[in-house]
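Examination of the molecular architecture
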Amino acid sequence: MGGVENSMVIKINKWDGSAVKNALDDAIKDVLTKKYNYIENFTLLDGRLALCGIAVTIAIIALLFDYLYPFPASKPVLIVCVSLYFVLMGLLTLYTTYKEKGIFVVAIQRDPSGYNPDLIWEASSYLKKYDDRYTLVLSVSSPSTGVTNQSVVTKSIAKFIDVNGVVIPGLIEAVVTDMHDSITRQRKDK
């Protein structure tokens, strides 16, 4: 194929849905960042990490305050910290559900000439529990025009993983390349 070089064999438990989804997601991310040389943007992940960091900081404050001033004295601080932690976990749930929406990579395609605006590529995937159907959504948007094009593919995980649980990067690369080319043609046709 000549695209992504993967000298490391990725072997997973093919019966573990989370491991399968994560391995396929990582292989797709490698195609976008290594074959196409797109720059990965971590802003979406940074938002989740910021919420988690604030929640952990609040938990540490509660722990330290309870250590320095044992329970009866620390009750008001513990109530505030537990309430804030609960609110932050609710915000985290909303963030992952409505902002991330299953997106596992955001990549920036820079214009080589520097004349046209950068394009933003997003890949999201879905794999239901006890299901072998892996759905990949690849989309590209132009922030300057607001136009978004996308391609959706649903295939059995058996198309990407052999009987021993080894991920086959060449097969994943072929699917992502077809999707990428399809979206690029859509953009040129408009």
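Given the structure is predicted, the values throughout are model-derived calculations rather than measurements. (Residues numbered from 1 in each chain as written. Predicted model: local features only at pLDDT ≥ 70, side-chain atom pairs only at ≥ 80, totals over all residues. Heavy atoms only, no water.)

1. Section: the sheet that holds strand E1 (residues 39-40)
Across the sheet, five strands lie side by side as E1-E2-E3-E4-E5; this open sheet has antiparallel pairing. Strand pairing shows two members of the sheet lacking a second neighbour, E1 and strand E5 (148-156), which therefore form its edges. In terms of strand pairing, strand E3 (residues 119-127) meets strand E4 (residues 133-141) through eight bridges, oriented antiparallel. Each bridged residue has a counterpart across the sheet, and for Leu127 the counterpart in E4 is Tyr134. Contacts between helix H1 (residues 17-35) and the sheet are confined to E1, strand E2 (103-109), E3 and E4, with E3 contributing the most and set at about 160 degrees to the helix. (Pairing = 2+ DSSP bridges. Helix = DSSP H or I, 4+ residues; strand = E, 2+ residues; numbered from the N terminus. Contact = heavy atoms within 4.5 Å. Axes fitted to C-alpha atoms, helices over the stretch in contact; angles between N-to-C directions.)

2. A closer look at the packing of helix H2 (residues 43-68) against helix H3 (residues 71-100)
It is at 8 Å that the axes of H2 and H3 come closest, and there the two elements cross at 170 degrees. Regarding the angle of H2 to H3, the classification is roughly antiparallel. In the contact of H2 with H3, the residues fall into 21 nonpolar, four polar and four charged. (Parallel < 35°, antiparallel > 145°, perpendicular 65-115°, else oblique. Nonpolar A, V, L, I, M, F, W, Y, C, P; charged D, E, K, R; others polar.)

3. Observations concerning the side chain of Asp25
As for its position among the elements, Asp25 is in helix H1. Reaching out from Asp25, the side chain makes a polar contact with the side chain of Lys21 at a distance of 2.8 Å. The contact partners of Asp25, leaving out residues within four places of it in the chain, are Phe104, Ser125 and Tyr134. (Polar contact = N/O pair within 3.5 Å; in protein donor to acceptor, adjacent residues only side chain to side chain.)

4. With respect to the nonpolar core
One recurring pattern in soluble globular proteins: nonpolar side chains tend to sit buried together. Membership of the largest hydrophobic core comes to 31 residues, with the highest contact counts inside it found for Leu24 and Tyr134. Secondary structure elements with two or more residues in this core: H1, E2, E3, E4 and helix H4 (169-189). Among the elements that line this core, the one with the most residues is H1, at seven residues. Counting 12 residues, the second-largest nonpolar core is a separate cluster that includes Leu44, Ala62, Cys81 and Leu88. (Core = buried A, V, L, I, M, F, W, Y, C linked by side-chain atoms within 4.5 Å. Buried < 20%, exposed > 50% of the residue type's maximum accessible area, 1.4 Å probe, protein only.)

5. Digging into the pairing of E3
Where E2 meets E3, six bridges bridge the pair, whose relative direction is antiparallel. Bridging from a neighbouring strand, Ala107 pairs with Trp121 of E3. Two successive antiparallel strands, E3 and E4, enclose a turn made up of five residues, where Tyr130 displays a positive phi of approximately 60 degrees.

6. Let's talk about the packing of aromatic side chains
One pass over the structure, following the stated rule, counts four aromatic pairs. Plain terms: the ring middles of Tyr36 and Tyr38 are 5.6 Å apart, the flat faces sit at 20 degrees to each other, and that makes the pair stacked. Both residues of the pair, Tyr36 and Tyr38, count as buried. Between the aromatic rings of Phe65 and Tyr69, the centroid separation amounts to 4.9 Å while the plane-to-plane angle is 40 degrees, which identifies the pairing as tilted. (Phe/Tyr/Trp six-rings, centres within 6.5 Å; stacked < 30°, edge-to-face > 60°.)

7. Brief notes about the confidence of the model for the chain
Scored by pLDDT, the chain has a mean of 89; 94% of the residues are at 70 or more. Ranking the elements of the chain by mean pLDDT puts H4 last, at 88, and H2 first, at 94. Residue range residues 1-6 is modelled with pLDDT below 50. Its contacts to residues more than four positions away, or to other chains, number 11 contacts. (pLDDT = per-residue confidence, 0-100.)

8. What to know about the pairing of E4
Here E4 lies mainly inside the structure; eight of its nine residues are buried. By the bridge criterion, nine bridges tie E4 to E5 in an arrangement that is antiparallel. Counted as the bridge partner of Thr135 is Thr154 from E5. Hairpin geometry of E4 and E5 is characterised by an intervening segment of six residues between the two adjacent antiparallel strands and by a positive phi of about 80 degrees at Gly146.

9. As for the UniProt feature "transmembrane region" (unreviewed entry) in the chain
Here the UniProt feature "transmembrane region" (unreviewed entry) sits at residues 49-70 and 76-95. Along residues 49-70, the helical share is 91% and the strand share 0%, with 30 Å between the first and last C-alpha atoms. For residues 76-95, helix accounts for 100% and strand for 0%, while the C-alpha atoms at its two ends are 29 Å apart. (UniProt positions renumbered as here; feature names shortened; annotations may be inferred.)

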